Amino acid sequence: AAMAAERALTMATCTAPVNIAVIKYWGKRDTDLILPINSSLSVTLHQDQLKTTTTAAASRDFTEDRLWLNGKEADVGHPRVQACLREVRRLARKRRGGGEDAAALSLSYKIHIASENNFPTAAGLASSAAGYACLVSALARLYGLEEELSEVARRGSGSACRSMFGGFVQWQRGERPDGTDSLALQVAPETHWPELRVLVLVVSGEKKPVGSTAGMQTSVETSPLLKHRAEVVVPERLAQMMQHIRDRDFEGFGQLAMRDSNQFHATCLDTFPPIFYLTDVSRHIIALAHRYNAHHGHTKVAYTFDAGPNAVIFALADTVAEFVEVVRRSFPPTTNGDQFVRGLPVGSAVLPPELEAAVLTEPVPGAVQYILHTKPGPGPQLVDDPSQHLLGPDGLPRSRA
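The present account deals with the structure reproduced in this document.

How each quantity is defined
Residues numbered from 1 in each chain as written. Predicted model: local features only at pLDDT ≥ 70, side-chain atom pairs only at ≥ 80, totals over all residues. Heavy atoms only, no water. Phe/Tyr/Trp six-rings, centres within 6.5 Å; stacked < 30°, edge-to-face > 60°. Helix = DSSP H or I, 4+ residues; strand = E, 2+ residues; numbered from the N terminus. Buried < 20%, exposed > 50% of the residue type's maximum accessible area, 1.4 Å probe, protein only. Lys NZ or Arg CZ within 6 Å of the ring centre and 35° of its normal. Contact = heavy atoms within 4.5 Å. Polar contact = N/O pair within 3.5 Å; in protein donor to acceptor, adjacent residues only side chain to side chain.

**Here we look at the packing of aromatic side chains**
Within the structure shown, the criterion is met by 10 aromatic pairs. Plain terms: the ring middles of W193 and F253 are 5.3 Å apart, the flat faces sit at 70° to each other, and that makes the pair edge-to-face. Taken together, the residues W193 in the loop between β11 (184-188) and β12 (196-202) and F253 in helix α7 (residues 250-270) connect sequence positions 60 residues apart. Taken individually, W193 and F253 each receive the classification buried, so the pair is uniform in this respect. Between the aromatic rings of Y292 and F323, the centroid separation amounts to 5.0 Å while the plane-to-plane angle is 65°, which identifies the pairing as edge-to-face. Here F323 lies in helix α9 (residues 317-330) and Y292 lies in helix α8 (residues 280-296), a separation of 31 residues in the sequence. Summarising the burial analysis for this pair, Y292 and F323 share the class buried. Sitting over the ring of Y370, R342 keeps its end group 3.7 Å from the ring centre.

Printed below as a string of structure tokens:
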């Protein structure tokens, strides 16, 4: 009987990455299909530091579809979860040419899905992108699909289509009303720019005041600046950014990333009523980055902010130790001094007196909770080790000790 139970359960586990846009996506032209008003470009972050893990299981014994997020049961009927499920099953059906392959998983079986992040959900760390990219990857694996899946992931969360690839990724706006040409393409793999590093300055692990979905549609409806951005500014910036990445030109890359982040937040201010994602601490970090670059006479660090107050700082590897020390001196940790820097190791640095004088101002203790040091990384990965499945042989979440 145990063997029969085991055999009746088919399971697949994948991990997927977070991505950070350097040319921002903000605004849909079709809210149902999730089609953007402009193309965007992002950097995929390494899964050793930030990842979602998802297990999908199917069995003829399951009586209903079920979903668990970070150990708690969640609404599997969520329209975007359903859209992904429907699309993957549709592709699987199409692939089988309508005929039921005896060896293939029955499309009528109910499925159980468990998903976990190794970082705070909805804290402005692009959890929906990793989450939906991971869901689609696990489902595709379960049903034996190989094809272009970024289009399916897009139906879950727009930015999720970019998490289907590693390295540097463009989400093409596309022209067709059915969205079949609105998909992600890799601009360059993560190995293309080995010196590039990323520092996430977590100022708050709280849920944001206005979710991205609602916020961006209010912007589309009320901001003339957003319309100008999408039609005039972004197409030119996209081409420039792709060239800076190809050339590994940090000066160009960094300046443009900062300008585009600032314009995105300007469109939020231009929205009516206005949306404020940046906080005083965010603005402190912006000013600090500019003072630091001015002191060095060129762009050594570049900030970008998504729909939340956390700063993402790009730098080359040789700058990380010094800038982390600048952040530590500017926002001295009050509690987790030992846990202040997480992720990839960071060397120690002594700041020269002239840098201290030019760059440091009155410290704001405790304003930055912690710094996560990471780098660009690969796209979704299949997890082969069965002990890593989030669901047990009974199709229910394993107790996570």
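**So, the environment of L372**
Note on placement: L372 falls in strand β16 (residues 370-374). Non-local contacts of L372, meaning those with residues more than four positions away in its chain, are made with Q49, L50, V198, L199, V200, R342 and G343.

**Let's talk about the environment of E73**
Here E73 is to be found in strand β8 (residues 72-74). Its relative accessible area of 45% is what places E73 among the partly exposed residues. As for E73 and A83, which are separated by 10 residues in sequence, their C-alpha atoms are 19 Å apart. Those residues in contact with E73 that lie beyond four places of it in its chain are R66, L67 and W68. One polar contact links E73 to R66, side chain to side chain, over a distance of 2.8 Å.

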